[in-house]
Amino acid sequence: MLSKIYLALGVGILVLYLAATWSGWELGNARRQVLPADVRNSPGGYRSFHFWHSGYRGGK
Amino acid sequence: MTALQANCPACGADVTFKSGSSVVVVCEYCKSVVARTDRALEDLGKVAEIVESGSPLDVGLAGVYRGVAFELTGRAQLEHAAGGMWDEWYAAFADGRWGWLAEAQGRFFLTYPTPSPIEVPPFDALEPGRGISGIPVAVPLVVMEKGEARMLAARGEIPYRLVPGEVYPYADLSGQGGVFGTIDYGEEPPLVYIGREITLAELGIAETARAAEHEARRVTAAQLQCPQCAGPLELRAPDKTERVTCPNCGSLLDVNQGNLRFLEALEPGKFTPTIPIGVTGEFKGGQKLTVIGFMVRSVEFEGTRYFWEEYLLYDPPVGFRWLVQSDNHWSFVEPVAPGEVTDGDKIVRFRGKSFKIFQDALARVEHVAGEFYWKVTTGELVRAADFINAPEMLSKEVSGTELIGQRKRKKHRLHQEQQQEEQNHLEAEEINWSLGTYMSRRDVERAFGITGLPVALTVAPNQPFFHSKIYGYWGLLLVITLAVGMLTIVTGARRKIFEQTFSLQLPAPSPPATPQTLLPITGANSALPNAPRSRARATPTPRTSPTPRAAATTVRESEGTQVIFTEPFEVRGRQNIRVTARSNVDNNWLFVAGDLINEETGVVQQFEIPLEYYYGVEDGESWKEGDRDKSTYLSALPGGTYTMRLEAQWEGRRAGVPRFSILLEQGVPRFLNLFLALLALSAVPVLVLIYHIMFEHRRWADSAFNPYATATEGDDSTESDE
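Residues numbered from 1 in each chain as written. Chains lettered and ligands numbered in written order. Predicted model: local features only at pLDDT ≥ 70, side-chain atom pairs only at ≥ 80, totals over all residues.

## Digging into the interface of chain A and chain B
- Taken together, the contact pairs 40 residues of chain A with 52 residues of chain B.
- Considering each element in turn, the side of chain A that touches chain B owes the most residues, 14 residues, to helix α1 (residues 2-23) of chain A.
- Taken together, the residues of the side of chain A that touches chain B break down into 19 nonpolar, 15 polar and six charged.
- With three bridges connecting them, strand β1 (residues 32-34) of chain A and strand β38 (residues 603-618) of chain B associate as antiparallel partners. Residue Q33 of chain A lies in a different strand from β38 of chain B, and its bridge partner there is V604 of chain B. (Contact = placed C-beta atoms within 7 Å. Helix = DSSP H or I, 4+ residues; strand = E, 2+ residues; numbered from the N terminus. Nonpolar A, V, L, I, M, F, W, Y, C, P; charged D, E, K, R; others polar. Pairing = 2+ DSSP bridges.)

Given below as structure tokens:
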């Protein structure tokens, strides 16, 4: 029984890996967002948008 | 064949030698054995009436074996020294040969005398279980049994000089592929018979009406009366049973040709069978076997006696089988020809499999109930060795004469020496191999249509590890995943879609936090078709608001911050993106925050790459940390035209303003996903493997040959013994 469950799980993992490879998915937490339409339509377009980044947290 | 008719020298009745080469014929009227000699007929004495054994064979029955017709002309019944009886049939073949067809416990062995005498070892030199040389057969032979047989009864024509009541020593031999042999030490030189185990179907007489008639007759149980308590007694295998216990008074009775004789009163209620005697179960291959006997045996191991139950199963066409229960684990046991087993001290081989020794001890019969095909008694000893290859267990039982008087009792001795010494007080006469196959509790319940069998809490020696299949799946999935991974890595697109180098400048003193747009100083991206150099944006940033960092005035005066917008470039869908930042930071840091902006849809993919590189000399030792280049991977973006916004932040108070370059590539193979996939695939099998190792440790925990026992444990046990 466990073997069959593992086989199903393993096939699932393999499919996920294949899907990730096919779609170019990468593990990570890089943020993705969509600029609001009003920003894009405003003068300056995306240049006027607040692109928030965490900033540097290291250094000597 | 030339028939010879004559008169019995004892009674004068007609006797006929139908076969020209038969030596004796048994008078049907007075049971005298009449031998023909060169000069006259000779009366060799009287034999007993044949006891009906329920055999499917009969004198006069004809068949064809390997294309040669034969007829069964005679039959003899011989008594085993340890009790029990077997039949011998004599087959006259059309090509002039004689075949000896032995029948015992539902099995048939057809042998032929060797054409010329063969020099064989003397009887006393034979040892059951050991090989024997000098016999011209293709396979090695081992001695299966040695003993003495007594001629009890006979009928028909027989191809040798049968003397009633004669006792002769014999040895049975066994070889691979069902090869079987017998050495008759009653003649000088000994006669050797070689053949093999056969089935009735091979003899071409399985379908005869005679067989069917016998079959119907022998399954009928015999109703008897206990000589001790006069209670009713049923024999389920009347033609085979040698011992039976009375279900009413518990007496152990000897069965001799249907007559019962009291032997001993067994202790009542000491052991109760989990499966009642008389119950029929259906086993593999649809075999319907009835429990006819129940036995409890035990072995002593390091001062503790361990008990197990054995159920004798019987069905006339199948013969005898066993169901063994130990610690609530069950095994279905079938007999195996000794010649099929390649015997070794610690490893034996059978049907291409290796079996490891698990236990080798002296087993004692503690309790019997029901019927048995040998003269069993409580206290009977056999040397029992078990070899395992789950789910199977090969068991070797060596029975023989007990030499109790020669047993030396010593204290303070090593365990194995003790075992060996115990074994020494059995002089081997017969060796039996059997193959036990593990049965789950549910299988046994299904076989007998019962429920509620106790659950086993231990690991049996031959208990299979049911999750072993997972390793095969694991290997298969790993291979497929690795193949896909390697294929992806080899065939990866690896396209460069953007590359540019930037030189940063310290911001003007006033206003302090206003970011500035920087011109690229190199035009590496000019190689990209959609990023014409002429369109490089040289205008100051039209930002109407400062960056959040600038707005929040988090940029200290000591830090520089600049924002850059690149030329548009094309990004393809379904391909990951690797962003690589390089800088000439020197005891400094540079933080690059980037945004890939789809100009059409407004999709923004952010990334951040901190770069820092420090070095120096401290206490006379040079050191360095950090890197001047770093990469980050981004999931694929929808295909389209993108612009990149770069916000560079660095420590301005240090000497020098860093430069940095950004490289964007697509379709870059990455091992992380492959590694994670392999890791995910391996998690469950690794846990199963750990459990499996623990399972094996538990399996071998009670074995004297535990391969997991450490030297320390061995030393400890030695010390405790001493």
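## Comments concerning the pairing of strand β37 (residues 588-598) of chain B
All names here are of chain B.
- Along β37, 11 of the 11 residues are buried, which leaves the element largely enclosed by surrounding structure.
- Examined bridge by bridge, β37 and β38 share 10 bridges and lie antiparallel to one another. The residue of β38 that forms the bridge with L590 is L611.
- Between β37 and β38, which follow one another and run antiparallel, lie four residues, and G602 among them has a positive phi close to 80°.
- Here nine bridges tie β37 to strand β41 (residues 640-651), and the two strands are oriented antiparallel to one another. Among the inter-strand pairings, D595 is bridged to a residue of β41, identified as R645. (Buried ≥ 20, exposed ≤ 12 C-beta atoms within 10 Å, placed from the backbone.)

## Digging into the packing of α1 of chain A against helix α5 (residues 469-491) of chain B
- It is the contact of α1 of chain A with α5 of chain B, at a shortest axis distance of 9 Å, that shows an interaxial angle of 5°. Classed by the angle they form, the pair α1 of chain A and α5 of chain B counts as roughly parallel. Only K469, I470, Y473, L477, I480, T481, V484 and T488 of chain B of α5 of chain B make contact with α1 of chain A, whose side of the interface consists of L2, S3, Y6, L7, G10, L14, Y17, L18 and T21 of chain A. (Axes fitted to C-alpha atoms, helices over the stretch in contact; angles between N-to-C directions. Parallel < 35°, antiparallel > 145°, perpendicular 65-115°, else oblique.)

## Let's talk about unusual backbone geometry
Residues and elements named next belong to chain B.
- Cis geometry is adopted by the peptide bond preceding P189, which originates at E188 and carries an omega value of -5°.
- Here the bond from A390 into P391 is cis, since omega is 10°, no more than 30 degrees from zero.
- Positive phi is not limited to glycine here, since D327 has a value of about 50°.
- Of note, D327 is situated in the loop between β24 (319-326) and β25 (329-336).
- Residue D327 is classed as partly exposed on the basis of its C-beta count, with 16 C-beta atoms lying within 10 Å.
- The residue N587 is not glycine, and still its phi comes out positive at about 50°.
- Along the chain, N587 turns up in the loop between β36 (577-583) and β37.

## With respect to the sheet that holds strand β40 (residues 629-634) of chain B
Residues and elements named next belong to chain B.
- With antiparallel pairing, the four strands of this open sheet are ordered in space as β32-β42-β36-β40. Two strands close off the open sheet at either side, each with one partner strand: β32 (495-503) and β40. Geometrically, the sheet is characterised by an average inter-axis angle of 15° between neighbouring strands, direction not taken into account.
- Examined bridge by bridge, β36 and β40 share six bridges and lie antiparallel to one another. Following the sheet pairing, T580 is matched in β40 by S631.

## Overview of the packing of α1 of chain A against helix α7 (residues 671-700) of chain B
- Closest axis-to-axis distance for the α1 of chain A/α7 of chain B pair is 10 Å, and the angle between their directions is 175°. Taken together, the axis directions place α1 of chain A and α7 of chain B in an arrangement best described as roughly antiparallel. Here Y6, L9, G10, I13, Y17, A20 and T21 of chain A of α1 of chain A lie close against α7 of chain B, whose contacting residues are N673, A677, A680, L681 and V684 of chain B.
- For the contact of α1 of chain A with α7 of chain B, the class distribution of residues is nine nonpolar, three polar and no charged.

## Looking at the pairing of β41 of chain B
Residues and elements named next belong to chain B.
- Across the 12 residues of β41, nine count as buried, placing the element largely inside the fold.
- Judged from the seven bridges that link them, strand β34 (residues 559-565) and β41 form a sheet pairing that is antiparallel. Within β41, the residue paired with Q562 across the bridge is A648.
- With three bridges connecting them, strand β35 (residues 569-571) and β41 associate as antiparallel partners. Across the sheet, residue V571 finds its bridge partner in β41, namely G640.

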